[in-house]
Amino acid sequence: MDNNKDNSLSKGLGGLLPLLQKEFIQIRRNAFLPRLIVLFPIVIMCVMPWVMQMEVKNIVVDVVDIDRSVESGRLVGQIAASNYFIFGGQKATYAEAMKDIEKGRADVILEIRDGKYLIAANAVNGMKGSIGAAYLSQIIRPTPQPLPVMEGSGYSQGLQVSAPSLTGRAGGGSLLLYNKGQNYKLFMIPALLAIVMMLMTGFLPTLNIVGEKEAGTIEQINVTPVSKWAFILAKLIPYWLIALFVVTVCLLLAWLVYGVTPAGPLWLVYVLAMLLALFFSSFGLIVSNYSDTMQQAIFVMWFFVVLLMLLSGLFTPTRSMPQLAYLTTYVNPMHYFIDAVRTVFIRGGSFQHIAHQVAALFAIGSFMAVWAVQSYKKNS
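Since the structure is predicted, the reported quantities are computational estimates derived from the model, not experimental observations.

Chemist: Explain the environment of Ala-277 to me, using residue names and the numbers behind them.
Modeler: Turning to its location among the elements, Ala-277 is positioned in helix H10 (residues 266–290). Taking the relative accessible area as the measure of exposure, Ala-277 reaches 0% and is therefore buried. When neighbours within four sequence positions are excluded, Ala-277 is seen to be in contact with Met-197, Thr-201 and Trp-240.

Structural data, given as C-alpha cells:
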C-alpha cells in the first residue's frame, strides 16, 4: 500500500517538470503576455501614484468682499497665492457669485462682510466642496459669529454652507509620527502592489486555464496519469514566479522614481505578496473550474475583484464604512494585505506587528487552495 502511494506521488511530481516547461514555453510564445508582464508594473508604478491621491486642488474660489479692508485684502491675497485654490475673481454681490456656482465655474464662495466670513461650498461634488471649505477655514483668522444663511443661498443646488469659528489658541499643533512629509505616494505605492498581484496571479492563471478549456487541450491532459496537484501547481508556479519578478520591479521603480523604500524589513513585503498570490491564484482556479468560457470567467473574476478592492481600505478608511460593510473586512484578504504592507512601508513594522494579518492571509489562502484542488475535476 505504501509503495503504491510512493509511486503515485513520484509519478505526480515527475510529471510536474514537463508541465512547467510547457507553461513557460506557452508564455514565451504568447505575443501579448511578455509585454504585459513588463509594461503593467511600469505603468502602475509610474502613473497611478500621481493620479490616485485624495488631495483636492484647483478649487475655484469666488470672493465677495464687502468690507474692502486691509485684513480682507490680505486674506484674498493668501487665497490667490495658495497652490490649492484658483482665484475666480471678486464679485460685487453674493447673487453674482452664485451664478458662477450654478454654471459650474466656481466651487466655493467666500463672502466677507463686517469682519464676518461666510463660506458656501458647492456640495454636488461632496469631496471637493467639503475639503475646499476646510482649506478656507484654515486660512481664515478667528472670526465672530457667522453670518446668517441668506435666502436663495442655493441648497437646492447642493450647496454646503459653513462658517468657521476658529479658536486660534497659542501652542496648538500636531505631531506626525509616520510619513512626516505627508507624501501621499508613500501611502498609495504599497497598496498598488495588491492590484499588480491581483492581475498577475488571479486573472492570468484563470484565463490560461479557461483558454485551454475552449481550445480543448485541457482534455488531453485530463486523461493522462498526471495528478491533480501536479497539474494545478504547473499552472500556478509560473505565475507565482512572475509575481515575484513584478514585485521586485515595482519596488525598484518606487525607489528610483519616488525615493520610496520600505521602512521595515523588505522580506516581509515578499512574504505578504506570496500569501496574497496564494489566495488570488487559488481563487482564480476556482473560478476557472466553474467557468466554461473566457467571457464568463472574466465577468465572475471582475465582479469579486471590484468588491474586494472597494471594501479593502485601498481608497477609503474601512472604519468609515457602515457596520455591515465593515464586517466583510474580516474575510477580505486584500484588507489584510494592504493594512500589513502599509505597516511595513510607512511605520517600519516588524513581523510581530503584522502577525495577525499574516495568519489571516495564510488561513484564507490555504482554505481557497484546498477548495481549488477539490473543485478541479480530472478524468483519469
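Chemist: Please set out the packing of aromatic side chains residue by residue, giving values where relevant.
Modeler: Counted under the stated rule, the structure contains nine aromatic pairs. When the ring of Phe-85 is compared with that of Tyr-135, the centres are 6.3 Å apart and the planes differ by 80°; the resulting orientation is edge-to-face. Separated by 50 residues along the polypeptide, Phe-85 in strand E2 (residues 85–90) and Tyr-135 in helix H6 (residues 126–139) bring together distant segments of the chain. Exposure class is identical for Phe-85 and Tyr-135. Each is buried. Their ring planes at 80° and their centres at 5.5 Å tell us that Phe-283 and Phe-304 sit as a pair that is edge-to-face. Of this pair, Phe-283 sits in helix H10 while Phe-304 sits in helix H11 (residues 294–310), and the two are 21 residues apart along the sequence. Given a relative accessible area of 11%, Phe-283 falls into the buried group. Through a chain of ring-to-ring contacts, three or more aromatic side chains come together here, namely Phe-279, Phe-280, Phe-283, Phe-303 and Phe-304.

Chemist: Got a sec to walk through the side chain of Glu-111? Specific residues and values, please.
Modeler: You can see Glu-111 is positioned in strand E3 (residues 108–113). There is a polar contact of 3.3 Å between the side chain of Glu-111 and the side chain of Arg-113.

Chemist: Account for the pattern of salt bridges, with residues named and values stated.
Modeler: When the charged atoms of two side chains with opposite charge come close together, those side chains can pair. Counted according to the given criterion, the structure contains six salt bridges. Arg-74 is paired through a salt bridge with Glu-71; the nearest N and O atoms lie 2.5 Å apart. Of this pair, Arg-74 and Glu-71 both sit in helix H4 (residues 70–81), three residues apart, which is roughly one turn of the helix. A relative accessible area of 27% places Arg-74 in the partly exposed class. The class for Glu-71 is partly exposed, based on a relative accessible area of 35%.

Chemist: So what's going on with the side chain of His-335? Which residues, and what values?
Modeler: If you trace the backbone, His-335 turns up in helix H13 (residues 333–347). Here His-335 is in contact with Ser-312, Thr-318 and Thr-329, once residues within four sequence places are set aside.

Chemist: Describe a nonpolar patch on the surface, naming the residues involved and giving the relevant values.
Modeler: A surface patch of nonpolar side chains, about 730 Å² in accessible area, is lined by Val-38, Leu-39, Ile-42, Val-43, Val-47, Trp-50, Val-51 and Phe-245. A per-element tally of the nonpolar patch places helix H3 (residues 33–51) first, with seven residues. Classification of Val-51 as exposed rests on a relative accessible area of 55%.

Chemist: Break down the confidence of the model for the protein chain for me, with residues and values.
Modeler: Detailed reading of the predicted coordinates is not advisable wherever pLDDT is low. Averaged over every residue, the pLDDT of the protein chain is 79; residues scoring 70 or more account for 82%. Contacts of residues 1–10 to residues separated by more than four positions or lying in other chains number zero contacts, the stretch itself having pLDDT below 50. Note that residues 142–172 has pLDDT below 50 and, in this model, 59 contacts with residues that lie over four places away or in other chains.

So, how was this worked out
Residues numbered from 1 in each chain as written. Predicted model: local features only at pLDDT ≥ 70, side-chain atom pairs only at ≥ 80, totals over all residues. Heavy atoms only, no water. Helix = DSSP H or I, 4+ residues; strand = E, 2+ residues; numbered from the N terminus. Buried < 20%, exposed > 50% of the residue type's maximum accessible area, 1.4 Å probe, protein only. Contact = heavy atoms within 4.5 Å. Phe/Tyr/Trp six-rings, centres within 6.5 Å; stacked < 30°, edge-to-face > 60°. Polar contact = N/O pair within 3.5 Å; in protein donor to acceptor, adjacent residues only side chain to side chain. Salt bridge = Lys/Arg side-chain N within 4 Å of Asp/Glu carboxyl O. Patch = residues over 30% accessible without salt bridge, like charges linked within 9 Å, V, L, I, M, F, W, Y side chains within 5 Å. Areas by Shrake-Rupley, 256 points an atom, 1.4 Å probe, with all protein chains shown as cover. pLDDT = per-residue confidence, 0-100.

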